[in-house]
Amino acid sequence: MFDRDTDVAATGGYHITLDGRAQSALKELVEPKIMQRLLASGSALRLRERDAFWDRRGRLLGHGPDLGGSASIDVDRITLRMLLAEAVGDGLHLGRDVSGVDHDDHGAPRVLFTDGAPASADLVVGADGAHSVVARHLA
């Protein structure tokens, strides 16, 4: 696992929503104790009031969806990153800035970096934001 940040606790954003599919995938990938800690740190969306949308004059425009039946939870981004880093252990490489994605001689995905040797992989997931270098290369 590669991350351009040099510190897993230094990230932008507030929280991230994990729906049922994301929670199921994480349960398959991380140890139960890490999953328990992650779930304990989250807040259930079904417990939140519906979002309200207001115009610039303060008039109510409407409400967001009713999440009363949702299994989704909101978790703090830094907490999620720290728990995932713990789960990955020595396989986490910080300070690696992706410059592109291509394929190696065997057709496997290969991630290119601005500062060193490329890395071949079975799977490439771009979680690098709205202006994703990974998504741009895969598209």
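Structural data are supplied above this passage.
About the thresholds
Just so you know, the residues in each chain are numbered from 1, in the order the chain's sequence is written. In keeping with the predicted nature of the model, local features appear solely for residues at pLDDT of at least 70, side-chain atom pairs appear and are counted solely at 80 or more, and the whole-chain, interface and lining totals rest on all residues. Excluding hydrogens and water, the side-chain values take into account all heavy atoms of the structure. The rule for pairing is simple: two strands pair if DSSP sees at least two bridges between them. Each helix is a run of DSSP H or I of at least 4 residues and each strand a run of E of at least 2, with the numbering of both proceeding from the N terminus. For this document, the term salt bridge refers to a Lys or Arg side-chain nitrogen within 4 Å of an Asp or Glu carboxyl oxygen. Classification of residues uses two cut-offs on accessible area relative to the type maximum, computed with a 1.4 Å probe and protein chains only: under 20% is buried, over 50% is exposed, and between them is partly exposed.

As for the sheet that holds strand E3 (residues 43-44)
Read across the sheet, 3 strands follow the order E2-E6-E3 without closing on themselves; strand pairing throughout is antiparallel. If you trace the sheet from one side to the other, it starts and ends with strand E2 (15-18) and E3, each paired once. Direction of pairing for E2 relative to strand E6 (residues 73-76): antiparallel, over a ladder of 4 bridges. The residue of E6 that forms the bridge with Ile16 is Val75.

Digging into the pairing of strand E10 (residues 116-120)
Pairing geometry for strand E9 (residues 109-113) and E10, over 3 bridges, is antiparallel. Paired with Arg110 across the two strands is Ser120, which belongs to E10.

Considerations on the pattern of salt bridges
For the structure on display, the rule yields 7 salt bridges. The shortest N-O distance in the salt bridge between Asp19 and Arg21 comes to 2.8 Å. Judged by relative accessible area, which is 26%, Asp19 ranks as partly exposed. According to the relative accessible area criterion, Arg21 is exposed, its value standing at 67%. Here Arg59 makes a salt bridge to Asp55, at a shortest N to O gap of 2.7 Å. The exposure class assigned to Arg59 is partly exposed, which follows from its relative accessible area of 47%. Where salt bridges share partners, they join Asp3, Asp5 and Arg81 into one cluster.

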